[in-house]
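# Secondary and tertiary structure notes
Read off the chains here:
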Amino acid sequence: MQRLFVLGALFSSFAFSYEIRLTNGEWAPFLGEDLKQYGATSHLVTQAFLRLGHKTKFEFLPWPRALEAAKRPQIHGTLAWTITKERAESFYASTPVIITQVVFFHLKDKVFDWKDYPDLKQQRIGIMNGYDNGKAFALARKKYQLETDTTTTELQNLTKLLRKRIDIALVGKTVGLELIRKNFTEMEQQQFTYHPKPTMEKELRILFNKNIAGNALLVTQFNQAFLALKAEGIVDDVYNKMNQGEYNPPQ
């Protein structure tokens, strides 16, 4: 009976399709107003909703505004976010649509290895102002008095690394690789590498507005559709190609 109910709900969605309105911010290559299909994650989310018979419309805003705007009764949700106790008061959280790692980038001519945070005591570490690098790093930074150099963007951080003004740069792996491909010459790109040990992993989700009737069911249906894409290998294929700079979806 439960299976029949789920199937009935899915067929009902096709019969009564509507436009899903989502807010998001700029975060290439995952999300971006000027990217093909609005970025790899936006494309995957669109494909999942299409399986439910729904179209999607993305509204790109500065991140704080994107979250606030998603509480309006005409907006279905926002992507992509971690779930917190405070956010759970206003939103239902989907299955993770992005799992990203934060790693230390360094130049290939520098011998660098680390197993625990005391290993970083002799390093000048580039970080971004206001960026969440994880509780463990924040505690270690204070406990071991780690030397940090703060910038406002990941690109500034990587540029300082190339110029050897810092020793290592703490950057999201996928974003860092994309920035290197897009902003440095081929010769400069060959100088970068990163340590495989992450400081943290983040699970990012769509937050569905609790002020919209039907969103409790919609998040369940979306989860089923997205997990089906993952089971078919589509999600991993898209993200693997994205990480290699080879993802080129149709317009």
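Here goes a summary of the coordinates provided. Residue numbers run consecutively from 1 along every chain, following the written order of its sequence. The model is predicted, so local features are restricted to residues of pLDDT at least 70 and side-chain atom pairs to those at 80 or more, both for listing and for counting; the totals for chains, interfaces and linings are taken over all residues. With hydrogens and water excluded, all non-hydrogen atoms of the structure serve as input to the side-chain values.

## Structural notes on the pattern of salt bridges
Pairing between side chains becomes possible if they bear opposite charge and their charged atoms approach one another. This is how it is decided: Basic side-chain nitrogens of Lys or Arg form a salt bridge, by our definition, when they fall within 4 Å of a carboxyl oxygen of Asp or Glu. Think of it in three bands: residues with accessible area under 20% of the maximum for their type are buried, residues over 50% are exposed, and the middle band is partly exposed, with areas taken using a 1.4 Å probe on protein chains only.
Evaluation of the coordinates by the stated rule reveals 11 salt bridges. Residue Glu68 pairs with Lys71 through a salt bridge whose shortest N-O separation is 3.1 Å. Classification of Glu68 as partly exposed rests on a relative accessible area of 48%. Residue Lys115 is joined to Asp113 by a salt bridge in which the shortest nitrogen-to-oxygen separation is 3.4 Å. Note on Lys115: relative accessible area 63%, which makes it exposed.

## Quick notes on the packing of helix 2 (residues 40-51) against helix 10 (residues 234-243)
Quick reminder of the rule: Orientation is described by lines fitted to C-alpha atoms, with helices fitted over the stretch in contact, and by angles between N-to-C directions that extend from 0 to 180 degrees. Helix and strand assignments follow DSSP, with helices taken as H or I runs no shorter than four residues and strands as E runs no shorter than two, numbered in order from the N terminus. Oblique is the label for any angle not covered by the other classes, which are roughly parallel (under 35 degrees), roughly antiparallel (over 145) and roughly perpendicular (65 to 115). In a left-handed crossing the near helix is turned counterclockwise from the far helix by less than a right angle, and in a right-handed crossing that turn is clockwise. Only heavy atoms enter the contact rule, under which two residues are in contact if any of them lie within 4.5 Å. Three categories are distinguished: nonpolar for Ala, Val, Leu, Ile, Met, Phe, Trp, Tyr, Cys and Pro, charged for Asp, Glu, Lys and Arg, and polar for the others, with Gly belonging to the last.
Running from N to C, helix 2 and helix 10 cross one another at 160 degrees; their axes reach a closest spacing of 10 Å. By the criterion of interaxial angle, the relationship of helix 2 to helix 10 is roughly antiparallel. Classified by chirality, the crossing of helix 10 by helix 2 is right-handed. Here Ala40, Thr41, Leu44 and Arg51 of helix 2 lie close against helix 10, whose contacting residues are Ile234, Val235, Val238, Tyr239 and Met242. Tallied by class, residues from the contact of helix 2 with helix 10 come to seven nonpolar, one polar and one charged.

## Some details on the nonpolar core
Applicable threshold: The criterion is simple. A nonpolar core is a set of buried Ala, Val, Leu, Ile, Met, Phe, Trp, Tyr and Cys residues joined through side-chain atoms within 4.5 Å.
Counting 46 residues, the largest nonpolar core has Phe49, Phe105, Ile206, Phe222 and Tyr239 as the members making the most contacts within it. Not counting the four nearest positions on each side in its chain, Phe222 is found in contact with Val45, Ala48, Phe49, Leu52, Ser94, Val97, Ile206 and Phe208. The next biggest cluster of nonpolar side chains, apart from the first, holds 14 residues, and it includes Val102, Ala140, Ile168 and Leu170.

## As for helix 2
Basically, it comes down to this: In this analysis, the expected span of each helix is defined as 1.5 Å times one less than the number of residues it contains.
Between the first and last C-alpha of helix 2 there are 17 Å, a value that for 12 residues agrees with the 16 Å anticipated at 1.5 Å per step. Within helix 2, nine of the 12 residues are buried, leaving the element largely enclosed by the surrounding structure. Taken as a whole, helix 2 has its buried residues at Ala40, Thr41, Ser42, His43, Leu44, Val45, Thr46, Ala48 and Phe49. Immediately beyond the C-terminal end of helix 2, within one or two residues, lies Gly53, with a positive phi of roughly 90 degrees.

## A short note on the side chain of Asn24
In this fold, Asn24 is placed in strand 1 (residues 19-24). If we skip the residues at most four places from it in the chain, Asn24 touches Leu31, Ser42, Phe58, Glu59, Phe60, Leu61, Trp63, Ala66, Thr78 and Leu79.

## Quick notes on the layout of surface pockets
The test is simple: The pocket and cavity definitions rest on a 1 Å grid over protein atoms only: a 1.4 Å probe that fits but cannot leave marks a cavity, an open set with protein on both sides within 12 Å along at least five of seven lines marks a pocket, and residues lining either have an atom within 4 Å of a point. Grid points are joined across faces, edges and corners, and a volume is the space filled by probe spheres set on the points.
Its volume calculated, the largest pocket comes out at about 690 Å³. Lining the largest pocket are 24 residues, with Trp27, Trp63, Tyr131, Glu154 and Lys202 positioned closest to its centre. Of all the secondary structure elements, the ones that give two or more residues to the lining of the largest pocket are strand 3 (77-81), helix 7 (173-183) and strand 10 (200-209). The element that contributes the greatest number of residues to the lining of the largest pocket is helix 7, accounting for four residues. In this structure, the second largest pocket occupies an estimated 340 Å³ of space. Lining the second largest pocket we find 20 residues, and of these Ile98, Ile99, Thr100, Asp236 and Tyr239 sit closest to its centre. Mapped by element, the contributors of at least two residues to the lining of the second largest pocket are strand 5 (98-107), helix 7, helix 9 (215-231) and helix 10. Take the lining of the second largest pocket: its biggest share by element is six residues, from helix 10. Split by residue class, the lining of the second largest pocket holds 10 nonpolar, six polar and four charged.

Purely geometric stuff here, so don't read any function into it on its own.
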